[in-house]
Amino acid sequence: MKGSPGGILAAYRHIDSATEAIGALKKSGYDDFTVYSPTPNEEILEAVAHPVSPVRLWTLFGGLTGLVTGFAMTMWMSYDYAIVVGGKPIGSVIPYIIIMFELTILFGALSTLVGLAFHAWSTNQRGPFDGRFSDDHIGIFVPCPVERRPAVEQLLTAAGATEVKVEIG
Amino acid sequence: MATTAPPEGMPASQPTYADVTRDVAATLGNPTKGYYGLLAFVVTILLVGVGALLYQIRMGLGVAGYTPPVMWGVYITTFVFWVGIAHSGTLISAILFLFRSAWRTAVYRTAEAMTVFAVMTAGLFPLIHVGRLWYAYWLIPYPNQRMLWVNFKSPLVWDMFAIGTYFIVSTCFLILGLIPDIAAIRDKATGWRKKLYTITALNWRGTDQQWRHYTRAYLYLAALATPLVLSVHSVVSWDFAVSIVPGWHATIFAPYFVAGAIYSGVALVITLLIPLRRVFKVERYITTDHFENLSKLLLLTGMIVGYAYVVEYFMAWYSGNTFERASFWNRAFGDYWWATWTMIICNGFLPFLLWFKKIRRCIPALLVISLFVNLGMWFERFVIIVVSLSFEYEPYAMGHYTPTWVEWAILSGSFAWFFMWFLLFAKNFPTVSITEVKEIIPMPRKRAS
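Every value quoted in this text rests on a predicted model; they were computed, and no experiment measured them.

Side note on the overall build of chain B
- Of the regular secondary structure elements, chain B holds 16 helices and 0 strands.
- The C-alpha atoms of chain B give 23 Å as radius of gyration, which agrees with the globular expectation for 449 residues (22 Å, within 12%).
- Projected onto its principal axes, the C-alpha coordinates of chain B cover approximately 80 × 55 × 40 Å.
- With 449 residues in all, chain B has 49% of them scored as buried.
- Nonlocal contacts in chain B, meaning residues at least 24 apart in sequence, comprise 83% of its contacts between residues at least 6 apart.

Section: the overall build of chain A
- Counting its regular elements, chain A contains 5 helices and 4 strands.
- Listing every helix and strand of chain A by position from the N terminus yields β-α-β-α-α-α-β-α-β.
- Compactness check: chain A gives a C-alpha radius of gyration of 25 Å against a globular reference of 15 Å for 169 residues, more than 25% above the reference.
- Dimensions along the principal axes, computed over C-alpha positions, put chain A at roughly 80 × 30 × 30 Å.
- For chain A, the proportion of its 169 residues judged to be buried stands at 44%.
- Contacts in chain A between residues far apart in sequence, at least 24 positions, make up 84% of those at least 6 positions apart.

A few points about the pairing of strand S1 (residues 7-12) of chain A
Residues and elements named next belong to chain A.
- S1 sits mainly inside the fold: 5 of its 6 residues count as buried.
- The pairing of S1 with strand S3 (residues 138-143) spans 6 bridges and is classified as antiparallel. By the bridge assignment for S3, isoleucine 8 is matched with valine 142.
- Looking at chain direction, S1 and strand S4 (residues 163-167) are connected through 5 bridges and run antiparallel. The partner of leucine 9 across the bridge, within S4, is lysine 165.

As for the sheet that holds S4 of chain A
All names here are of chain A.
- Ordered in space as S2-S3-S1-S4, the 4 strands form an open sheet in which the pairing is antiparallel. Every interior strand has two partners, whereas the edge strands, strand S2 (34-36) and S4, have only one. With direction set aside, neighbouring strand axes in the sheet form an average angle of 15°.

What to know about the environment of aspartate 239 of chain B
- Take aspartate 239 of chain B: it is sitting in helix H8 (residues 208-241).
- Every residue in contact with aspartate 239 of chain B, bar those within four places of it in the chain, is listed here: Pro155 and Asp159 of chain B.

Let's talk about the interface of chain A and chain B
- Counting from both sides, the interface comprises 57 residues of chain A and, opposite them, 50 residues of chain B.
- When contributions to the side of chain A that touches chain B are tallied by element, the ones reaching two or more residues are helix H1 (15-27), S2, helix H2 (42-48), helix H3 (55-80) and helix H4 (93-120) of chain A.
- If you tally residues by element for the side of chain A that touches chain B, the top one is H4 of chain A, at 16 residues.
- The class makeup of the residues in the side of chain A that touches chain B is 26 nonpolar, 22 polar and 9 charged.

Remarks on the packing of helix H4 (residues 108-122) of chain B against helix H9 (residues 253-279) of chain B
All names here are of chain B.
- Look at H4 against H9: their axes get within 10 Å of each other, and the N-to-C directions meet at 125°. What the angle tells us is that H4 and H9 run oblique. Remark: the crossing between H4 and H9 carries right-handed chirality. Packed against H4, whose contacting residues are Thr110, Ala111 and Met114, the element H9 presents Leu268, Val269, Leu272, Leu273 and Leu276 at the interface.
- Along the lines of polarity and charge, the residues of the contact of H4 with H9 split into 7 nonpolar, 1 polar and no charged.

Regarding the pairing of S3 of chain A
Residues and elements named next belong to chain A.
- Here S3 lies mainly inside the structure; 6 of its 6 residues are buried.
- Of the two faces of S3, the one lined by Ile138, Ile140 and Val142 and the one lined by Gly139, Phe141 and Pro143 are each fully buried.
- In this structure, S2 lies alongside S3, joined through 3 bridges in antiparallel fashion. Directly across from tyrosine 36, in S3, lies its bridge partner glycine 139.

With respect to the domain arrangement of chain A
- Under the domain assignment, chain A is made up of domain 1 (7-49 + 125-167) and domain 2 (55-120).
- Computed from C-alpha atoms alone, the centre-to-centre distance between domain 1 of chain A and domain 2 of chain A is 45 Å.

Some words on the packing of helix H3 (residues 74-98) of chain B against helix H6 (residues 155-186) of chain B
All names here are of chain B.
- Running from N to C, H3 and H6 cross one another at 40°; their axes reach a closest spacing of 12 Å. Put simply, H3 runs oblique to H6. Seen from above, H3 lies across H6 with left-handed handedness. The residues of H6 that touch H3, namely those facing Val83, Gly89, Thr90, Ser93 and Ala94, are Ile163, Ser170 and Phe173.
- Partitioning the contact of H3 with H6 into residue classes produces 4 nonpolar, 4 polar and no charged.

Re unusual backbone geometry
- Here proline 68 of chain B and proline 69 of chain B are connected by a cis peptide whose omega angle stands at 5°.
- Relative to the elements of secondary structure, proline 69 of chain B occurs in the loop between helix H2 (33-59) and H3.

Comments concerning the environment of alanine 117 of chain A
All names here are of chain A.
- By the secondary structure assignment, alanine 117 is in helix H4.
- Its 15 C-beta neighbours within 10 Å are what place alanine 117 among the partly exposed residues.
- The spatial distance from the C-alpha of alanine 117 to the C-alpha of valine 55 is 9.5 Å, given a sequence separation of 62 residues.

Describing the nonpolar core
- By size, the foremost hydrophobic cluster in this structure holds 146 residues, and its most contacted members are Val83, Val169 and Val269 of chain B.
- The contact partners of valine 169 of chain B, leaving out residues within four places of it in the chain, are Ile105, Leu106 and Ala109 of chain A together with Leu224, Ala225 and Leu228 of chain B.
- Grouped together as the second largest cluster of nonpolar side chains are 27 residues, Leu9, Ala21, Tyr36 and Leu155 of chain A included.

Notes on the confidence of the model for chain A
- Summarising the model, chain A shows a mean pLDDT of 90, and 96% of its residues fall at 70 or more.
- At the level of individual helices and strands, chain A shows its lowest average pLDDT in S4 of chain A, which scores 86, and its highest in H3 of chain A, which scores 96.

Digging into the environment of leucine 106 of chain A
- Inspection of the secondary structure puts leucine 106 of chain A in helix H4.
- A count of 24 C-beta atoms within 10 Å places leucine 106 of chain A in the buried class.
- With residues up to four places along the chain from it excluded, the contact list for leucine 106 of chain A reads Gly66 of chain A together with Thr165, Ile168 and Val169 of chain B.

A few points about the confidence of the model for chain B
- Taken as a whole, chain B shows an average pLDDT of 91; of its residues, 96% reach a score of 70 or greater.
- Taken together, the stretch residues 1-7 of chain B has pLDDT below 50 and engages in 20 contacts with residues farther than four places along the chain or on a different chain.

Quick word on H1 of chain A
All names here are of chain A.
- Taking 1.5 Å of rise per residue, 13 residues should cover 18 Å, and H1 covers 18 Å from first to last C-alpha, within 8% of that figure.
- Taken as a whole, H1 has its buried residues at Ile15, Ser17, Ala18, Thr19, Ala21, Ile22 and Leu25.
- Just downstream of H1 lies glycine 29, where phi reads positive at about 95°.

The rules we used
Residues numbered from 1 in each chain as written. Chains lettered and ligands numbered in written order. Predicted model: local features only at pLDDT ≥ 70, side-chain atom pairs only at ≥ 80, totals over all residues. Helix = DSSP H or I, 4+ residues; strand = E, 2+ residues; numbered from the N terminus. Rg over C-alpha atoms; globule rule 2.2 N^0.38 Å. Buried ≥ 20, exposed ≤ 12 C-beta atoms within 10 Å, placed from the backbone. Contact = placed C-beta atoms within 7 Å. Pairing = 2+ DSSP bridges. Axes fitted to C-alpha atoms, helices over the stretch in contact; angles between N-to-C directions. Nonpolar A, V, L, I, M, F, W, Y, C, P; charged D, E, K, R; others polar. Parallel < 35°, antiparallel > 145°, perpendicular 65-115°, else oblique. Left-handed = near helix turned anticlockwise from the far one by under 90°. Domains from an automatic or database assignment. Core = buried A, V, L, I, M, F, W, Y, C linked by C-beta atoms within 7 Å. pLDDT = per-residue confidence, 0-100. Expected span 1.5 Å × (residues − 1).

If you want it as structure tokens, here you go:
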């Protein structure tokens, strides 16, 4: 991949081999490695031990923004063009709840996507990729300087990698 | 996103991850002559519908069969029908996801795509119905020279917000689920498809960071889509329930409409999946067990719909309201008795067949039942809308509405529009979720092997 750092890329067939490699890497003090997998996997996410995704905050604030927008928009527009319809009060909150609800969902969903794009695509995990990692293999890429590569290569091979190769950055 | 139990109906020879990618990628091969023939057929029907619409625009709404007091006819009936169809997609993709229902993984993509195309179809009908569709943007609250704002107390505006939100959220949900699958196909594809999937996969690489955020986003979208799906058809039902027309002014309408929507949507999912799994040779993934589970959903919602029919008649009698009683008597024995009895037989009696396991597991029988359910559900909306409007309070104001060829042509065109999008989707994007089917297959282990 263009602009990717140099390091060691390993491919695994077995989930327990991959989690063993992740554990060994963490024990050896590596924490900026990348794990590729064809599906989200609880065991991998547990081994990597990331904190909970901040996307939930985007959902929360997006939803609240939608709620406030729904209330403010309906009330302001009703009073800005104040005309009595069907004998109802100018600002009738009960029917406006429908608009507030829909905008809560809409803004919540859209801000979730923006949050996802912001966090998942702005990642600095720019290591090399192999087509097998979206099919049936798990990949681990460890960016490291030349002098540390033999040790990392040995560690990844010992865990049961089916292939280990050096990536020149 | 994790669902750990193996899916019901997964064959003893469980597919590997590589099998899943290969089998689903194979569905996207070069289209056959049969595919092009079918596509040409639906496009022809669509052109007939477009021609009828242009004729209506040229001549005015007089060419539709509207006769006072029936000023809502086939267009609003079809609008409610397609909005209803959309509902089962979100039920299967979002609600069953939250319940960790493993069997949904193989069928949810088709249901979700169906949802998006059904909403796209439904959205056309209010525009067609109002006649001057180029003024449809008046429903949007935008700053304008006359300082007019929309009337937020109107169900028409509620509809615009509800269906607009539903379309955007269900499209986002469909696209989000597709991204990892497109990435898997991208890494196998060649030629122009490789280019298409490289662009549409949005540089997805399945890193631990991407999955970390993706799984949470998917969960929250499912959590948002769940109340949304229940609200949308409730809002559509209030188009009727907030008025004082006999046969419409009932508090049961929201749950009754939601159940009916899921009922018709599940029926169309069955109708689509039966030929799809055969043509795409994915019987290994979409098994008879999946159809049995869908049939159980059909049975459940069919029972709720049947119960709602009984309650409607009971309340008309029990209320002692002369107009309600007359309206419901007219439904069963008036001018439109044939529509009412089609609806009752298809939706009230036919689902009882699904109590039998043999029928739930018989694919040809399910295909026939699902087609009749959809016929019945279209007539249900026709009965609620047209028959109620034709028989209100004053005998001198009663009228009879007969749809014209223009309305039938536009109705046929709407089916063609839906199937055109579905056919294009099915041949270019995975109709079986690669990622989620893989998720329910245990990853190989060194120790086990």
